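Architecture and fold: a report
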Amino acid sequence: MKTRIASCPIISQESITDRIQRLVLHCPEIAGAAKPGQFVHVRVHPSWDPLLRRPFSVHAADRKNGSIALLYRVIGKGTAFLRSLGNGASVNLMGPLGNGFRLDQSRSRALVMAGGLGSAPAFFLIDRLLEYGRPVIFMWGTRSAEEIFGLDRFRVAGVEIHLATDDGSLGRAGTVTGLLEAFLRESKSLKNLEGFVCGPEPMLAAVQALVAGKPLRVQACLEERMACGTGVCQGCAVRMQSGLYRMVCSDGPVFPIEEVDFGG
Amino acid sequence: MAVDLSVRIGSLVLKNPVLTASGTFGYGTEYSEYFDPSLLGGIVTKTITLEPRAGNPMPRIAETPAGMLNSIGLANVGVEKYITEKLPLLEGLDTAVIANVAGNTAEEYGVLVRRLSGLRRVDAFEINISCPNVRKDGLAFGMDAEATRDVVRCVRSETDKTVIVKLTPNVTDIVAIARAAVEAGADALSLINTVLGMAVDIETRRPLLARVTGGLSGPAIKPIALARLYQVRQSLDVPLIGIGGIMTAGDALEFFFTGATAVEVGTLNFIDPLGSVSILSGLVRYCEGRGISSFSSIIGTLVLES
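Since the model is a prediction, treat every value here as computed from it, not as a measurement.

Before going further, it helps to examine the overall build of chain B. Within chain B, the secondary structure is distributed over 8 helices and 16 strands. Taking 306 residues into account, the globule formula puts the C-alpha radius of gyration at 19 Å, and chain B, at 18 Å, falls close to it. Taken along the three principal axes of its C-alpha coordinates, chain B extends 55 × 50 × 45 Å. For chain B, the proportion of its 306 residues judged to be buried stands at 61%.

Spelled out as structure tokens, the structure:
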């Protein structure tokens, strides 16, 4: 699959909260090729300031309509500019980049965990898992209830949903790792279960510690600042337990969770 | 009208004056799925050291206004793997391959060049005496005229191929360093390497780079690069390769007028992998639009008040 660099028209853009945006773009080739866990590298601003592209996980890919959705938090000048763009404006994308989650022919239950905007790749992953007919358990933790959205279609599809919010405004008070801890405590067996986790590094580190030594295979989707997004600049290195560095953009962003050294 | 784009750097003839800067184009084929590297005048490959280097701790990059800081730490596969695994990928490319090397000692530079000089696919050398990310204090051979002279002597005695010495801007008198390099046998100079820089997160009060300081690149440094090129051009008569924040053909022209014989495109590759070929087409259009048949005729044509 060749990576594309393309100027993609905006189909729609909506505010989920005052900081979180959902952007839908027309890009049939990327929509057709993207796999869960992959990302697109977005030129958020046409000038040289801000300079670098921003990596955004593919949040949804609609092969029929040739569209992809991205989810992003408005943090600085670049994302504020991106939010200001309306329908018909175009955004320059490179992608799909990186390696997605490995989805084999397994029929086992999928335990998908997301922290905050880890929901960006997690939603796409759940869509594909459901297409493959796999039972899905989804654990999602956010800051507060207003950042929880878009779960209706998963409920209809029979996904078992567990929610946590930092402020306790919805679901369990605390983080998604609290949900995992309770789940592991209550589960008699972890057989026929496969884990997937997307979120910030402290959350991934906590999940790694919780599943260490347990018979549960977990793939983690890492977030990292990037420049090139293609493995060339060597900027987004992550240290592995082996002591070697791997690149989040081109070797990942998905790694077996036990292989990552979150202390490094 | 066909424009003759060829330029000469020492004994090396480039079919056009657009090269990619070391560290921004991998080992030469990483961007092949976006365009054919044979379109370029040359590729300067990632800095190679004698032994493989894993690179610096994270975070290694940070964005600054119109620029980026990096502290990669010359992560590379080492010279042996470069020869056995990376150079063969460049066979058949119709472009110059310039091997960029760095050593811990002057002698090590010589050893590296001796190891590579006999290889057909290496057309020239760029000597990196200017990386700010190797020593903790950000110092480099290229900050001292005597150290520069030692390195270039060691290299010169090992090869007849073109030797380009890459200069750092992080010095008081760049002309003194440039002169030392030329006196010791450099055929050409490339400038500038990154500018020592730093940024701080005001929430955490931590530096944005794990190594605190790093190298600034991108449009933010273009005026610095031009001024350094101008200073060296005024004092020395050797081919110069301009580097620093070149994002458009117009940026490149500023360097050519100031006296660069070729340019290296760096940070732009990260933002637009096709950027170097866009610059090349822009230069062709510029020449065609003005009836310029020989590109080299525009080099050093800066108009100064007399």
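Read on for the rest.
All names here are of chain B. Looking at where serine 276 falls in the secondary structure, it is placed in helix α8 (residues 275-289). Residue class for serine 276 comes out buried when judged on its relative accessible area of 0%. The residues touching serine 276, leaving out its near neighbours within four places in the chain, are Val18, Thr20, Phe35, Leu40, Val265, Leu268 and Asn269.

We now examine the environment of proline 46 of chain A. Residues and elements named next belong to chain A. Relative to the helices and strands, proline 46 is located in the loop between β3 (39-43) and β4 (54-62). What makes proline 46 exposed here is its relative accessible area of 59%. Each C-alpha atom of the pair proline 46 and cysteine 228 lies 16 Å from the other, and the pair is 182 residues apart in sequence.

Attention now moves to the interface of chain A and chain B. The interface is formed by 28 residues belonging to chain A together with 37 residues belonging to chain B. Counting the surface lost from both chain A and chain B, the interface buries some 2,500 Å², and carbon and sulfur atoms represent 64% of this. Here chain A is connected to chain B by 1 salt bridge. Our enumeration of links across chain A and chain B arrives at 7 residue pairs in polar contact (both at pLDDT 80 or more).

Once that is clear, we can look at the sheet that holds strand β1 (residues 4-15) of chain A. All names here are of chain A. Read once around its circumference, the closed barrel built from 6 strands follows the order β1-β2-β5-β4-β3-β6, with strand pairing classed as antiparallel. Geometrically, the sheet is characterised by an average inter-axis angle of 45 degrees between neighbouring strands, direction not taken into account. Of the strand pairs in this sheet, β1 and strand β2 (residues 20-26) are connected by 5 bridges, and their pairing is antiparallel. Considered in β2, the bridge of glutamate 14 is made with arginine 22. Here helix α2 (residues 77-84) sits on the sheet and contacts β1, β2, β4, β5 (67-73) and β6 (90-97); the angle it forms with β5, its principal contact strand, is near 135 degrees.

Let us now look at the environment of glycine 78 of chain A. Examined against the element boundaries, glycine 78 of chain A turns out to sit in helix α2. Distance from glycine 78 of chain A to isoleucine 5 of chain A, taken between C-alpha atoms, is 19 Å for residues 73 residues apart in sequence.

All names here are of chain A. Taken as a whole and judged by the stated rule, the model has 16 aromatic pairs over all chains. Pairing phenylalanine 101 with phenylalanine 196 gives two aromatic rings, centres 5.5 Å apart and planes at 80 degrees, and the pair type is edge-to-face. Taken together, the positions of phenylalanine 101 in the loop between β6 and β7 (109-115) and phenylalanine 196 in strand β11 (residues 193-198) put the pair 95 residues apart, joining distant regions of the chain. Phenylalanine 196 shares its class with phenylalanine 101; the two are buried. Taken together, the aromatic side chains of Phe123, Phe138, Trp140, Phe149 and Phe154 make up a single cluster linked through ring pairs.

Moving on to empty space enclosed by the protein. Residues and elements named next belong to chain B. In this structure the tally under the stated criterion is 4 cavities of 30 Å³ or more. There is about 480 Å³ of room inside the largest cavity. If you trace the largest cavity, you find 35 residues lining it, with Ser22, Thr24, Asn70, Asn193 and Thr194 closest to the centre. Looking at the lining of the largest cavity, the elements that each hand over two or more residues are β6 (67-70), β16 (262-265) and α7 (268-271). For the lining of the largest cavity, the per-class residue count stands at 15 nonpolar, 17 polar and 3 charged.

Attention now goes to the environment of leucine 208 of chain B. As for its placement among the helices and strands, leucine 208 of chain B is situated in the loop between β13 (206-207) and β14 (213-217). Sequence separation between leucine 208 of chain B and leucine 69 of chain B is 139 residues, and the spatial gap between their C-alpha atoms is 8.9 Å. For leucine 208 of chain B, the contacting residues outside a window of four places in its chain are Arg225 of chain A together with Pro59, Ile61, Ala62, Ala199, Val200 and Asp201 of chain B.

Moving on, we get to the layout of surface pockets. All names here are of chain A. Roughly 570 Å³ of internal volume is contained in the second largest pocket. For the lining of the second largest pocket, the element with the highest residue contribution is strand β14 (residues 245-247), accounting for 3 residues. Class assignment of the residues belonging to the lining of the second largest pocket gives a composition of 9 nonpolar, 5 polar and 7 charged.

Cut-offs and rules
Residues numbered from 1 in each chain as written. Chains lettered and ligands numbered in written order. Predicted model: local features only at pLDDT ≥ 70, side-chain atom pairs only at ≥ 80, totals over all residues. Heavy atoms only, no water. Helix = DSSP H or I, 4+ residues; strand = E, 2+ residues; numbered from the N terminus. Rg over C-alpha atoms; globule rule 2.2 N^0.38 Å. Buried < 20%, exposed > 50% of the residue type's maximum accessible area, 1.4 Å probe, protein only. Contact = heavy atoms within 4.5 Å. Buried area = accessible area lost by both parts, 1.4 Å probe. Salt bridge = Lys/Arg side-chain N within 4 Å of Asp/Glu carboxyl O. Polar contact = N/O pair within 3.5 Å; in protein donor to acceptor, adjacent residues only side chain to side chain. Pairing = 2+ DSSP bridges. Axes fitted to C-alpha atoms, helices over the stretch in contact; angles between N-to-C directions. Phe/Tyr/Trp six-rings, centres within 6.5 Å; stacked < 30°, edge-to-face > 60°. 1 Å grid on protein atoms, 1.4 Å probe; cavity = no way out; pocket = protein on both sides within 12 Å on 5 of 7 lines; lining within 4 Å. Points joined across faces, edges and corners; volume = space filled by probe spheres on them. Nonpolar A, V, L, I, M, F, W, Y, C, P; charged D, E, K, R; others polar.

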